[in-house]
Amino acid sequence: MTTTLRISWDAASARRAERQFLAGPAGPGTPVAEVVGAMRGAHAQVLSAAEVSVGMRAAGVTRADVRAALWEERSLIKTYGPRGTVHLLPARELPLFSAALTAVPTGPSPFPPDVRLTEDQAGQVVTAIGDALDGRCLTLDELSEEVVARTGPWAGDRVMPAFQDLWPRWRQVMHRAGWAGTLCFGPNRGRKATYTRPPRGDGGAGDARSAPRSDRAGAARPGPRDGRGVEAGDALARFVQRYLHAYGPATPQHFARWLAAPPGWATALFGELAAGGRIEVVDFEGTPAWVAAGDTDFPDGPPRGVRLLPYFDAYVVAGQPRERLFPGPAYQRALGGGQAGNYPVLLVDGVVAGVWHQRRRGRRTTVTVEPLVRLTARQERELGEQAERVGEVLEATAELVVGEVTVGPHA
């Protein structure tokens, strides 16, 4: 009789910390893209937060190193990733992300029928984006003109409510162009963002005409291969395995929440992968959860140490179960309306134990930390080192203040 392996919260969080360079930073010379890959992408809606996410995990790395990897080396790509949000992704993994994300079923549109795009129109827009950006960097206004010219006036109708404004209809599927590998961010032109197409050598995964399509409420339809010959089904299997390597043990519901995917689809997918021997079940604090097949080594003790993590850090966004990651008062103080990432957090021994904020003035930055637990003398020293490290990443001199954080959650 097979006995299901039992995994404690301490063991799981210790392994997650080790694998994401939070137990100890990556050594000098570790490629920035390797650090980002271990996180399964760095949330980059606020680029400075992504720079801190990476820098706090890699010895000696500053924001200049992250920007060099992004704009000069092109080992990182800034594009739309999990949940349709802006991420930094390793360029070499873009085909895998593209093949997997385009195979995830899309949910029902949040817009009224007269605002929505049909699936045919969405496909036209994604194709037009790729054609317009091939070999070019365009601002949003320039890209909008090109999309409308290639599709029709309907794409430019300003009917999409967003941030107290109305955006052109085509922007509903801008993130899908990122998923399909036909769009990524380019260097800013002054204060304006630009967009381009990922160079084929950086992992461009084809275009909308070759991207797998998904039923709204069912499993992904069988799709063609991505730009490096990855079958959509195999891409999903590898994608789940890499997620579980970073954040397992996890349930299908945890995976669905991280990806903003339908829970029923995730449950069916995990069932298929388990039946195929790609993942295996363990007992995670009394709940069935999954790890990649054969990946059952866990540390003996709990994680130790103090860490400062910025807005939307991958560890707190993906870490589950959330009530264990945000214990006691942290659940109320550090979650913005139940959403992880809206506050930068103080991590103590693998769990959220406070919030923090940094305000920069010239070459100096004030790091204000509000602990929710009493820190030992050792932890206070580590907190000082972490604040100093935040300053190094941002290429500033940091001053630590322990006290109330009066800044509200990020929108």
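Please read all numbers here as calculations on a predicted model, not as lab measurements. (Residues numbered from 1 in each chain as written. Predicted model: local features only at pLDDT ≥ 70, side-chain atom pairs only at ≥ 80, totals over all residues. Heavy atoms only, no water.)

### With respect to the layout of surface pockets
Of the pockets and cavities examined, the largest pocket occupies roughly 1,200 Å³. What lines the largest pocket is a set of 36 residues, and nearest its centre among them are Arg83, Gly84, Met160, Gln172 and His175. Only helix H6 (119-133) and helix H8 (174-179) provide two or more residues apiece to the lining of the largest pocket. Among the elements that line the lining of the largest pocket, the one with the most residues is H8, at four residues. Class assignment for the residues of the lining of the largest pocket results in 21 nonpolar, ten polar and five charged. (1 Å grid on protein atoms, 1.4 Å probe; cavity = no way out; pocket = protein on both sides within 12 Å on 5 of 7 lines; lining within 4 Å. Points joined across faces, edges and corners; volume = space filled by probe spheres on them. Helix = DSSP H or I, 4+ residues; strand = E, 2+ residues; numbered from the N terminus. Nonpolar A, V, L, I, M, F, W, Y, C, P; charged D, E, K, R; others polar.)

### Notes on the nonpolar core
Ranked by size, the top nonpolar core spans 77 residues in total, and within it Leu143 and Phe255 carry the most contacts. It is helix H9 (residues 232-247) that contributes the most residues to this core, nine residues altogether. Sequence-distant contacts of Phe255, that is, excluding residues within four places in its chain, are made with Phe239, Val240, Tyr243, Trp265, Ala266, Leu269 and Phe270. If you look at the next biggest cluster of nonpolar residues, it comprises 27 residues, including Trp9, Ala11, Phe298 and Tyr343. (Core = buried A, V, L, I, M, F, W, Y, C linked by side-chain atoms within 4.5 Å. Buried < 20%, exposed > 50% of the residue type's maximum accessible area, 1.4 Å probe, protein only. Contact = heavy atoms within 4.5 Å.)

### Observations concerning the sheet that holds strand S5 (residues 138-139)
Strand order across the open sheet formed by three strands is S5-S9-S8, with antiparallel pairing between neighbours. In this open sheet, the two edge strands, each paired with only one partner strand, are S5 and strand S8 (184-189). (Pairing = 2+ DSSP bridges.)

### Here's the deal with the pattern of salt bridges
Per the counting criterion, the structure on display carries 21 salt bridges. Close ionic contact of Arg92 with Glu93 constitutes a salt bridge, the shortest N to O distance being 3.9 Å. Judged by relative accessible area, Arg92 falls into the exposed class, the value being 52%. Exposure remark for Glu93: the relative accessible area of 6% places this residue in the buried category. Linking Asp165 and Arg158 is a salt bridge whose minimum nitrogen-to-oxygen distance equals 3.9 Å. One continuous salt-bridge network, built from bridges that share partners, spans Arg40, Arg92, Glu93 and Arg242. (Salt bridge = Lys/Arg side-chain N within 4 Å of Asp/Glu carboxyl O.)

### Let's talk about helix H5 (residues 94-101)
Counting buried residues in H5 gives eight out of eight residues, a clear majority hidden from the surface. Within H5, burial applies to Leu94, Pro95, Leu96, Phe97, Ser98, Ala99, Ala100 and Leu101.

### Considerations on the packing of aromatic side chains
The description of two aromatic rings rests on the distance between their centres and on the angle between their planes. Inspection of the entire model under this criterion finds twelve aromatic pairs. Plain terms: the ring middles of Phe255 and Phe270 are 5.6 Å apart, the flat faces sit at 50° to each other, and that makes the pair tilted. Pair noted here: Phe255 is in helix H10 (residues 252-259) and Phe270 is in helix H11 (residues 263-275), with a separation of 15 residues, a long-range link. Judged by its relative accessible area of 1%, Phe270 is buried. Here the aromatic residues Phe97, Phe239, Tyr243, Tyr247, Phe255, Trp258, Phe270 and Trp290 are joined through ring pairs into a cluster of three or more. Of note, Arg15 hangs over the ring of Phe298, and the distance from its end group to the ring centre comes to 3.8 Å. A cation over a ring is seen here: Arg171 above Trp167, with NZ or CZ 3.6 Å from the ring centre. (Phe/Tyr/Trp six-rings, centres within 6.5 Å; stacked < 30°, edge-to-face > 60°. Lys NZ or Arg CZ within 6 Å of the ring centre and 35° of its normal.)

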